[in-house]
Amino acid sequence: MTRDLSRLIRPKSIAVIGGGAWCAEVIRQCENIGFSGDIWPVHPKAESVLGLPAYTEIAALPVPPDATFIGINRHATIQAVAELASRGAGGAVCFASGFSEAASEDATGANLQDALITAAGDMPILGPNCYGLINALDGAALWPDQHGCRPVDKGVAILTQSSNIAINLTNQRRGLPIAYVATCGNMAQLNQAEIASAFLDDPRVTAIGLHIEGFTDLRAWETFAHKAYKKDVPVVALKVGASDEAQAATISHTASLAGSDAGARALLSRLGFARVTELPVFLETLKLLHMVGVPKGRNIASISCSGGEASLMADTALGTNLRFAPLTQSQIQELRDVLGPMVALANPLDYHTYIWRDEAAMTRAWAAMMAPDTAMTFTVVDYPHENRTDWDCATAAAIGARKRTGCPISVVASLPELMPPDVANELISGKVVPFFGLHEALAATDAAASITAPEPLPLALPGAPSNATVLSEVEAKRALTELGLDIPAHQSGAREETGNLAKLAENLSAPLVLKGQGIAHKTEAGAVKLNLTPEDLDAAAAAMPSDHFLIEEMIDGGVAELLIGITRDPAHGFVLTLAAGGVLTELMEDSVSLLVPANRDHLYQSLMQLKSAKLLTGYRGGDAANIDAILDATEALQAYVLANASTLEEVEINPLICTPTRSVAADALIRKEMS
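Rules of the game
- Residues numbered from 1 in each chain as written.
- Predicted model: local features only at pLDDT ≥ 70, side-chain atom pairs only at ≥ 80, totals over all residues.
- Heavy atoms only, no water.
- Helix = DSSP H or I, 4+ residues; strand = E, 2+ residues; numbered from the N terminus.
- Areas by Shrake-Rupley, 256 points an atom, 1.4 Å probe, with all protein chains shown as cover.
- Buried < 20%, exposed > 50% of the residue type's maximum accessible area, 1.4 Å probe, protein only.
- Pairing = 2+ DSSP bridges.
- Contact = heavy atoms within 4.5 Å.
- Axes fitted to C-alpha atoms, helices over the stretch in contact; angles between N-to-C directions.
- Phe/Tyr/Trp six-rings, centres within 6.5 Å; stacked < 30°, edge-to-face > 60°.
- Salt bridge = Lys/Arg side-chain N within 4 Å of Asp/Glu carboxyl O.
- Parallel < 35°, antiparallel > 145°, perpendicular 65-115°, else oblique.
- Left-handed = near helix turned anticlockwise from the far one by under 90°.
- Nonpolar A, V, L, I, M, F, W, Y, C, P; charged D, E, K, R; others polar.
- pLDDT = per-residue confidence, 0-100.
- Disulfide = S-S within 2.5 Å.
- Arc of directions from axis to C-beta.
- 1 Å grid on protein atoms, 1.4 Å probe; cavity = no way out; pocket = protein on both sides within 12 Å on 5 of 7 lines; lining within 4 Å.
- Points joined across faces, edges and corners; volume = space filled by probe spheres on them.

## Quick notes on the overall build of the protein
Here is step 1: Counting its secondary structure elements, the protein contains 23 helices and 31 strands.
Here is step 2: When its C-alpha atoms are laid out on the principal axes, the protein stretches across 95 × 80 × 35 Å.
Here is step 3: Carbon and sulfur atoms make up 50% of the accessible area of the protein, which totals about 27,500 Å².

Here is the structure:
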């Protein structure tokens, strides 16, 4: 169901139900931010609240309110929601706690939340257990506490699962215009994707920032991502926490490689969102997106009057995907004309202080660093707390260079406290981005540059198997070969047939591999023997802790070994992991994760991100692997997952032996619910 949140987030009338300081503060905050519509306190005994006439009950309100703040106890909240819904109100904020978030201590909490959902019907509600929302564009604040929002004409929307984090973010002093702030609390009815999607309907919103603790309704997230991209509104996510469910009771290497955060990381990438992990970077990324939009590429330039600052910029960028582009001949010529012969020209550039105070020369130098293919030029300037007149030339030069070139430029204070708010506002007026901190500036630019179009293919949604079983290696390989997987020539036999294993292997070519079956990690259990002849098989089998055996031809000519695994992650879908394989899987720490389904081009790009990709492409003149064969094997694994999504827990090939002509699954594991 798609609910209309327009009246709730852009109200012309607001009702406030309840007494006490919290509800009085809602009225006060509406007045402080300049709400011009009607405010109707609802209180059974008070004649007025903060000078406004009070209504004794919801039924007495002159018309159904567009938005309502409900600040009464949890039981009374349910009744109020039902009355508002029956009158056709536009929506409500449910402030009370003690619902599902308290279910572990209070068994009635979950039942009350169900009752609240029923009472609301089609009427949208935020919460329960949340502060509500602020609309700084139209001056509406269904908000029971102080905040730092100021009226703006346009700006970013911020949506959090934490009311306290929301308060802190509104009090930022980084020059970021905040159009909306909303908290979603328990998300009894509306999930974050639905709320964020409503902000997209306001053309004054320039970017959206999300603080996410966990994902619900993946289809709603996909819908929101496509809508945001279509409307050209970039999204940045501060994702905290992760689902550990994907690792529960797993027996493959894949789960330990994927980790609890891999699904979230892969989902955000698939949705096309920027992902950050720190609040300061979150704010700086939003500011960059608001002022400049998504950066065009990852080439950057830096200019400062200190070699130390130039080195800091270079070192700080090492952990990012940003690139200091070499200076072109035309840049070198212009810089030489401005700076003279005593400055070593490079990017990052230390221009010394020869031209300090010469605003025209500084403007020329700044502009010369701003090549058309440079996503962002950083000028490093730390302003003193007093007597800043001597630094006005740097501010003016940055603004002048922006006017001259039309290219993105920023002024970065290496220490956040050395970017005064009034200077930041002056820079913003001149369309220059003020960044608070070197790390924050580079991390924000790197994050913003990662924003892409969302993946057009819908996610494969997993089922919830209740009694998963591990298939034998023989069964697993047989199932995967039906979808095109290449496996070694083989034979299998049971313990009672020992003495005849050599006969079973008479049509196989040595060297051979003998594996004991029914053991998850065979190498550790001594259930794998390599380089055997048919005559060696029976003696090798006698020493193994197994009653069933698999005999295979060894695959020679391997360029590299890979792991390809897919695990069910209830929070994010199916996580596909590509990694260095064989016995070095965990030791190498070389893996990349994405979500199913992924198209062939995305699979290739992910494969090339591995450190071991150098081996696959012919390291130091060595043979290259058959990349198409690797992709074929990965697509076969994906096809199996898509065909068994409702019953599958995990599937893994480890190792996939990659040769110049083939990619062969030397081992395979499947765990699924058997019908």
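## A few points about the pairing of strand S10 (residues 155-160)
Side chains on a regular strand alternate between the two faces of the sheet.
Here is step 1: Among the 6 residues in S10, 6 count as buried, and that is most of the element.
Here is step 2: With 4 bridges connecting them, S10 and strand S12 (residues 205-212) associate as parallel partners. Counted as the bridge partner of Gly-155 is Val-205 from S12.
Here is step 3: One ladder, built from 5 bridges, connects S10 with strand S11 (residues 178-183); its direction is parallel. If you follow Thr-160 over to S11, its bridge partner there is Thr-183.

## Looking at the sheet that holds strand S7 (residues 125-126)
Here is step 1: Read from one edge to the other, the open sheet built from 5 strands follows the order S2-S1-S5-S6-S7, with strand pairing classed as parallel. Every interior strand has two partners, whereas the edge strands, strand S2 (38-42) and S7, have only one.
Here is step 2: Relative to strand S5 (residues 67-70), strand S1 (residues 13-17) runs parallel, the two sharing 4 bridges. Directly across from Val-16, in S5, lies its bridge partner Phe-69.
Here is step 3: Contacting S1, S2 and S5, helix H2 (residues 20-33) crosses the sheet at an angle of about 160° to S1.
Here is step 4: With respect to the sheet, helix H3 (residues 74-87) is in contact with S1, S5, strand S6 (92-94) and S7, its orientation differing from that of S5 by roughly 165°.

## Description of the packing of aromatic side chains
Here is step 1: What the rule picks out here adds up to 12 aromatic pairs.
Here is step 2: Each ring, one from Trp-221 and one from Phe-224, has its centre 6.1 Å from the other, and the planes form 75°; the classification is edge-to-face. Here Trp-221 and its partner Phe-224 are both found in helix H7 (residues 218-230), 3 residues apart, which amounts to about one turn of the helix. With respect to class, Trp-221 is no different from Phe-224; both count as buried.
Here is step 3: Judged by centre distance (5.8 Å) and plane angle (65°), the ring pair of Phe-224 and Phe-273 falls under edge-to-face. You can see Phe-224 sitting in helix H7 and its partner Phe-273 sitting in the loop between helix H9 (262-271) and strand S14 (274-276), a full 49 residues away along the chain.
Here is step 4: With relative accessibility at 1%, the residue Phe-224 sits in the buried group.
Here is step 5: One aromatic cluster in this structure is built from Trp-22, Phe-69, Phe-95, Tyr-131 and Trp-143.

## Remarks on the pattern of salt bridges
Close approach of charged atoms lets side chains of opposite charge pair.
Here is step 1: All chains considered together, the criterion is met by 24 salt bridges.
Here is step 2: Between Arg-364 and Glu-334 there is a salt bridge, with its nearest N and O atoms 3.0 Å apart. Here Arg-364 is found in helix H13 (residues 359-368), whereas its partner Glu-334 is found in helix H12 (residues 329-339), with 30 residues between them in sequence.
Here is step 3: The exposure class of Arg-364 is partly exposed, given its relative accessible area of 30%.
Here is step 4: A salt bridge links Glu-552 to Lys-477; the shortest N-O distance between them is 2.4 Å. Of this pair, Glu-552 sits in strand S25 (residues 548-553) while Lys-477 sits in helix H17 (residues 473-481), placing them 75 residues apart in sequence. Of the two residues examined, Glu-552 and Lys-477, each falls in the buried class.
Here is step 5: Among the charged side chains, a network of salt bridges with common partners joins Glu-473, Lys-477, Lys-515 and Glu-552.

## Here's the deal with the packing of H3 against helix H4 (residues 108-120)
Here is step 1: The contact between H3 and H4 brings their axes to 8 Å, and the two run at 15°. Between H3 and H4, the crossing angle belongs to the class labelled roughly parallel. The handedness of the crossing between H3 and H4 is left-handed. Contact residues: H3 offers Arg-74, His-75, Thr-77, Ile-78, Val-81, Ala-82 and Ala-85, while H4 offers Thr-108, Gly-109, Leu-112, Ala-115, Leu-116, Ala-119 and Ala-120.
Here is step 2: Looking at the contact of H3 with H4 residue by residue, the classes come out as 9 nonpolar, 4 polar and 1 charged.

## Re the confidence of the model for the protein
Low-confidence regions, as indicated by low pLDDT, have predicted coordinates that should not be scrutinised in detail.
Here is step 1: Of all residues in the protein, 94% have pLDDT values of 70 or greater, and the mean over the chain is 92.
Here is step 2: Low pLDDT, under 50, characterises residues 255-259; the predicted model gives this stretch 15 contacts beyond four residues in sequence or across chains.

## Focus: H9
Here is step 1: Counting buried positions over the 10 residues of H9 gives 8, a clear majority of the element.
Here is step 2: Those residues of H9 lying buried are Ala-262, Gly-263, Ala-264, Ala-266, Leu-267, Leu-268, Arg-270 and Leu-271.
Here is step 3: At the C-terminal side of H9, Gly-272 shows a positive phi close to 85°.

## Quick notes on the state of the cysteines
Here is step 1: Scanning the entire structure with this criterion turns up 0 disulfides.
Here is step 2: Unpaired in terms of disulfides, Cys-23 finds its nearest cysteine sulfur in Cys-30, a separation of 12 Å.
Here is step 3: On the basis of relative accessible area, Cys-23 is assigned to the buried category, the value being 1%.
Here is step 4: Note on Cys-130: no disulfide assigned, nearest cysteine sulfur contributed by Cys-94 at a separation of 7.3 Å.

## So, H12
Here is step 1: Of the positions making up H12, those classed as buried are Gln-331, Leu-335, Val-338 and Leu-339. When H12 is viewed along its axis, its buried side chains cluster within an angular range of 80° and face the same direction. In H12, the exposed positions that point more than 90 degrees away from the buried face belong to Gln-329 and Ser-330.
Here is step 2: Considering only its buried residues, H12 is in contact with strand S17 (349-350) and H13.
Here is step 3: With its phi angle positive at about 85°, Gly-340 sits one or two positions after the end of H12.

## Comments concerning the side chain of Ser-197
Here is step 1: With respect to the helices, strands and loops of the structure, Ser-197 is situated in helix H6 (residues 192-199).
Here is step 2: When neighbours within four sequence positions are excluded, Ser-197 is seen to be in contact with Phe-224 and Lys-227.

## Regarding the sheet that holds strand S22 (residues 490-494)
Sheet strands pair by backbone hydrogen bonding; their relative direction is either parallel or antiparallel.
Here is step 1: Here we have 4 strands laid out as an open sheet, ordered S22-S25-S23-S24, and antiparallel in their pairing. Only two strands of the sheet have a single partner each, and these edge strands are S22 and strand S24 (528-532). The mean inter-strand angle of the sheet, taken between neighbouring strand axes irrespective of direction, is 20°.
Here is step 2: In terms of strand pairing, strand S23 (residues 512-516) meets S24 through 3 bridges, oriented antiparallel. Bridged to Leu-512 within S24 is Leu-532.
Here is step 3: Across the sheet, H17 is in contact with S22, S23 and S25; its angle to S25 comes to roughly 50°.

## Let's talk about the layout of surface pockets
Here is step 1: Computed from the structure, the largest pocket encloses a volume of approximately 1,200 Å³.
Here is step 2: As for the largest pocket, its lining consists of 40 residues, and the residues nearest its centre are Arg-265, Ser-269, Arg-298, Asn-321 and Ser-450.
Here is step 3: Secondary structure elements with two or more residues in the lining of the largest pocket: H9, S14, helix H16 (438-449), strand S28 (591-595) and helix H21 (600-607).
Here is step 4: Of all the elements, H9 adds the most residues to the lining of the largest pocket, at 6 residues.
Here is step 5: Looking at side-chain class alone, the lining of the largest pocket contains 16 nonpolar, 16 polar and 8 charged residues.

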